[in-house]
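Examination of the molecular architecture
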Amino acid sequence: MSSPETERPPGADSPADPAGALPAVAPQLRALRRQASLTLEAAARAAGLSPAHLSRLETGQRQPSLPMLLTLARVYGTTVSELLGETVAGRDAVVRAADMEPTAAGGWTYWQAGASGRGMQALRVHVPYGSQGDIVRVHPGEEWLHVLRGRLRLRLGDTTHRLAAGDSAHFDSLTPHRIAAEDHDGVDLLFVHTLLQSPTAALCLGPASGDAS
């Protein structure tokens, strides 16, 4: 959930953790880029990054945030699950709670709430207070979100909406949008977005500001 701003957004990525919070990401990013027949330069341009920044992600020198994973998944016509190296047996219609392993990225925590290889991706997301609230996202597709707990501040274009538990929003992702938690306890969401299958789709997340290191 890719900007007209010129400064680097806080939380867009973080230095690689030696403990390896997302150990499978670096090799998967390179493999999926090559599978999509994209050069480093072409993929970086589609994701709104510099080639040097994407290279750091592919070598594990940087760890991508969840929004960056979503952007790269769309660029490569795949899912965050595949970027993380997760394998799903078949295309089961039911996803059990016990199979929803939490993943932390860029301050957010998310759980896969849908199967991979589909035209939409469903996530359960926890957004902490103060995390990535200044990132403006713009990309093709649609997004739907539903507030489970807490209060959400959603900015669509020039309009700010405040959503409480039970409220939902459904919008065109080409509308510049920002998401932030209103409460210090954060906000829990159900989030569904469309996946673009064209690896050449032009997308951006945060500022296209050259090297974000």
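Reference entry: report on the structure contained in this document. What you see is a predicted model; the values in this text were computed from it and never measured. (Residues numbered from 1 in each chain as written. Predicted model: local features only at pLDDT ≥ 70, side-chain atom pairs only at ≥ 80, totals over all residues. Heavy atoms only, no water.)

**A short note on the overall build of the protein chain**
If you tally the helices and strands in the protein chain, you get five helices and 13 strands. Total accessible area on the protein chain stands at roughly 9500 Å², and carbon and sulfur atoms take up 52% of it. (Helix = DSSP H or I, 4+ residues; strand = E, 2+ residues; numbered from the N terminus. Areas by Shrake-Rupley, 256 points an atom, 1.4 Å probe, with all protein chains shown as cover.)

**Section: the pairing of strand E8 (residues 152-156)**
Of the two faces of E8, the one holding Leu152, Leu154 and Leu156 is buried and the one holding Arg153 and Arg155 is not buried anywhere. Pairing analysis gives five bridges linking E8 to strand E9 (residues 159-163), with the strands arranged antiparallel. For Leu154, the partnering residue across the bridge sits in E9 and is His161. Taking the residues between adjacent antiparallel strands as the criterion, E8 and E9 are bridged by two residues, where Gly157 takes a positive phi near 60°. Bridging between E8 and strand E11 (residues 177-181) involves five bridges; their strand directions are antiparallel. Residue pairing across strands places Arg153 opposite Ala180, the latter belonging to E11. (Buried < 20%, exposed > 50% of the residue type's maximum accessible area, 1.4 Å probe, protein only. Pairing = 2+ DSSP bridges.)

**Comments concerning the packing of helix H2 (residues 40-47) against helix H4 (residues 66-75)**
It is at 9 Å that the axes of H2 and H4 come closest, and there the two elements cross at 125°. Of the possible angle classes, the one that applies to H2 and H4 is oblique. Between H2 and H4 the crossing geometry is right-handed. Here H2 contributes Ala43, Ala46 and Ala47 to the contact with H4, which in turn contributes Thr71, Leu72 and Val75. (Axes fitted to C-alpha atoms, helices over the stretch in contact; angles between N-to-C directions. Parallel < 35°, antiparallel > 145°, perpendicular 65-115°, else oblique. Left-handed = near helix turned anticlockwise from the far one by under 90°. Contact = heavy atoms within 4.5 Å.)

**Thoughts on H4**
Across the ten residues that make up H4, a large majority, ten, are buried. Leu66, Pro67, Met68, Leu69, Leu70, Thr71, Leu72, Ala73, Arg74 and Val75 are the residues of H4 that are buried. Backbone geometry just after H4 places Gly77 at a positive phi near 65°.

**Focus on the pattern of salt bridges**
Applying the stated criterion across every chain yields a total of six salt bridges. In this structure, Asp183 and Arg151 form a salt bridge, with 2.7 Å as the shortest nitrogen-oxygen distance. Within this pair, whereas Asp183 is found in the loop between E11 and strand E12 (187-194), its partner Arg151 is found in the loop between strand E7 (142-149) and E8, the two being separated by 32 residues in sequence. Of the charged contacts, one joins Arg153 and Glu182 as a salt bridge, the two residues approaching to 2.6 Å between their closest N and O atoms. Of this pair, Arg153 sits in strand E8 while Glu182 sits in the loop between E11 and E12, and the two are 29 residues apart along the sequence. Sharing partners across several salt bridges, the network here consists of Arg30, Arg33 and Glu58. (Salt bridge = Lys/Arg side-chain N within 4 Å of Asp/Glu carboxyl O.)

**A look at the environment of Arg155**
Looking at the element boundaries, Arg155 is found in strand E8. In sequence terms Arg155 and Thr175 are 20 residues apart; their C-alpha atoms lie 9.5 Å from each other. When near neighbours in sequence (up to four residues on either side) are disregarded, Arg155 contacts Thr160, Pro176, His177 and Arg178. A polar contact is formed between the side chain of Arg155 and the side chain of Thr160, at a distance of 2.8 Å. (Polar contact = N/O pair within 3.5 Å; in protein donor to acceptor, adjacent residues only side chain to side chain.)

**A word on the side chain of His177**
Relative to the helices and strands, His177 resides in strand E11. From its side chain, His177 meets the backbone oxygen of Thr175 in a polar contact 2.6 Å long.

**Overview of the sheet that holds strand E10 (residues 168-172)**
Within a sheet, neighbouring strands are paired by backbone hydrogen bonds and run either parallel or antiparallel to one another. Spatial ordering of the open sheet is given by E3-E4-E5-E12-E7-E10, a layout of six strands whose pairing is antiparallel. Taken across any chain shown, the strands that pair with only one partner, and hence form the sheet edges, are strand E3 (103-105) and E10. Taken pair by pair, the neighbouring strands of this sheet meet at an average axis angle of 25°, ignoring direction. As paired elements, E3 and strand E4 (residues 108-112) share three bridges and run antiparallel to each other. Within E4, the residue paired with Ala105 across the bridge is Trp108.

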